[in-house]
Amino acid sequence: MSALPPGPKGSLLMGVMREFNRDTLGFITRCRDYGDVVASRFLYVRAYFLYHPTDIETLLTTGAKSYRKAQSLRSPFFRRLVGNGLVTSEGDFWRRQRRLAQPAFHRQRISSYGTIMVEYAQRAIAGWKAGEQRDIAKDMTRLTLEIVVKTLFNADVSNDADHVGEILSRLAKPFASQATVKWILDNRLPTPGHRRYFNSVSEIDRLVFRIIAERRASGSDEGDLLSMLLQAQDEDGSHMSDAQLRDEVMTLFLAGHETTALALSWSWYLLATHPEAERKFHSELDEVLGGRAPDVNDLPKLKYTEMIAKEALRLYPPAYAVGREAIEETEIGGYRVPKGTQLFAFQWVTQRDARFFERPDEFEPERWASEAVQRLPRYAYFPFGGGPRQCIGNYFAMIEIVLLLATIGRRFRFALAEGHPVEVLPVLSLRPKSGIKVNLLQRPHDAAPLRDS
Ligand code: HEM
């Protein structure tokens, strides 16, 4: 076993921090030139970057017991937001919470969410007019937030959705600097930015606690995730505290809408810039739906729409990295991994690797129907992670993306607004830096009277 993998030296004090912060996506892409396992250092923290599907599989599945979530997820910033919820918790506590939450994500259950997804999407676009300019990323964030809260907590936040959306985008800002020294030093300096952050979290807290209090007060069993969590008991008969419930609700609140909103936003962006794919998308919608709104029974027929979603998740993976920390000395790709090493796999890089994907930077939804896809190594494409900590909401998300694309796409098309360049901003997730401004165009098909279901 060789001692250390090759990698960029960086500066004596900061390691690679500066390069990483200056151009995160460029830096992690360039580092692949060193090999499939690359060592780097952020200040005094050792990090390995894994680029090969075999090693990513070891990290996430076969070797998973040697790792826990990465240090960045344990920063006080992130903790304040999602506490000890499903994304961040570990060990037996995580296992129990995952078991409790799982039934809310069963396929059958999610099918019943489909109706809500389409209904909310129709309601959202009812007021849209051809010719107007909108920020489609903002619209998708609002819509997916409303949907996750309605489906999992049977609550309606339509009145609060814009406010919450605005707070969440404010929350993302400090995370931009979280990739810097701060998450490593774990500092809690009371700078104005930090104070604003903690105040914003308190604002969302109020909304989440309100949802919990209303349900406790009504005592009703809505059969949704919130009811399941409320009823769950420990072996000693105790129930989850409000604080624990808050962490799970907040986690699903965040994990369950931002990522899906981004997948949709990037899909619209790609469609707006690829007329041929857009044409095929529209002809599928016309053929499968005619003039009506979609429902879950249409999903098996909306094949091209699903391929668009998959391809958007390949090129613009909302979660562009997964991270772990070695809890014991172990080995990966023939290299020694000292305890405490932070390991990262980047969807952004591996999903654009020419060894696995032909014309890797091109948007080609058709590739998902090709033979080449059958031969892909399992972890060449992992937008939802994998192994025991795989995204619990992957099926939920795919259904939501396809149904929303179909519901909205049969009524409108989008042309990118001039003078509003779309740039990628890797913060906590892969966001469009200044939104995605589009001009709305009515679908010609829509001239025919609509038969809404
Ligand atoms: C396109 C949409 C989505 C993407 C790209 C995505 C991506 C991911 C990824 C990569 C992970 C694994 C993180 C890791 O291993 O460290 C994850 C975990 C998770 N996701 Fe998603 N997600 C999406 C949608 C959703 C939805 C809709 C929900 C819930 C409604 C959800 C809830 C969660 C939760 C709770 C976890 C933690 C699971 C655990 O550790 O047990 N996600 N997601």
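For the structure given in this document, a descriptive report is provided here. (Residues numbered from 1 in each chain as written. Predicted model: local features only at pLDDT ≥ 70, side-chain atom pairs only at ≥ 80, totals over all residues. Heavy atoms only, no water.)

## Points about the packing of aromatic side chains
- Applying the stated criterion across every chain, the model contains 19 aromatic pairs.
- Look at F344 and F346: their rings are 6.4 Å apart centre to centre, the planes differ by 10°, and that puts the pair in the stacked class.
- Classification of F346 by relative accessible area gives buried; the value is 3%.
- Cation over ring: R314 sits above F357, and NZ or CZ is 5.0 Å from the ring centre.
- Over the face of the ring belonging to Y379 we find R378, whose NZ or CZ atom lies 4.2 Å from the ring centre. (Phe/Tyr/Trp six-rings, centres within 6.5 Å; stacked < 30°, edge-to-face > 60°. Buried < 20%, exposed > 50% of the residue type's maximum accessible area, 1.4 Å probe, protein only. Lys NZ or Arg CZ within 6 Å of the ring centre and 35° of its normal.)

## Observations concerning the coordination of the iron atom of the ligand
- Protein coordination of the iron atom of the ligand rests on one atom only, C391 (SG), at 2.3 Å.
- Structurally, C391 can be placed in the loop between helix 16 (371–374) and helix 17 (394–409). (Donors = N, O, S within 2.8 Å, 3.2 Å for Na, K, Ca; no water. Helix = DSSP H or I, 4+ residues; strand = E, 2+ residues; numbered from the N terminus.)

## Re the sheet that holds strand 4 (residues 133–135)
- Reading across from one edge, 4-12-9 is the order of the three strands in this open sheet, with antiparallel pairing throughout. Only two strands of the sheet have a single partner each, and these edge strands are strand 4 and strand 9 (412–416). Ignoring which end each strand starts from, the neighbouring axes of this sheet average 45° apart.
- In this sheet, strand 12 (residues 437–442) lies alongside strand 9 in antiparallel orientation, the contact comprising five bridges. Bridge pairing in strand 12 links R413 to L441. (Pairing = 2+ DSSP bridges. Axes fitted to C-alpha atoms, helices over the stretch in contact; angles between N-to-C directions.)

## A look at the pattern of salt bridges
- Taken as a whole and assessed by the stated rule, the structure comprises 34 salt bridges.
- R292 serves as the salt-bridge partner of D298, at 2.8 Å between the closest nitrogen and oxygen.
- By relative accessible area, which is 2% here, D298 ends up buried.
- The exposure class assigned to R292 is partly exposed, which follows from its relative accessible area of 23%.
- Here R359 and E358 are joined by a salt bridge, their closest N and O atoms 3.6 Å apart.
- Classification of E358 as exposed rests on a relative accessible area of 52%.
- Each member of the salt-bridge network shares a partner with another, and the members are E311, R314, E358, R359, E364 and R367. (Salt bridge = Lys/Arg side-chain N within 4 Å of Asp/Glu carboxyl O.)

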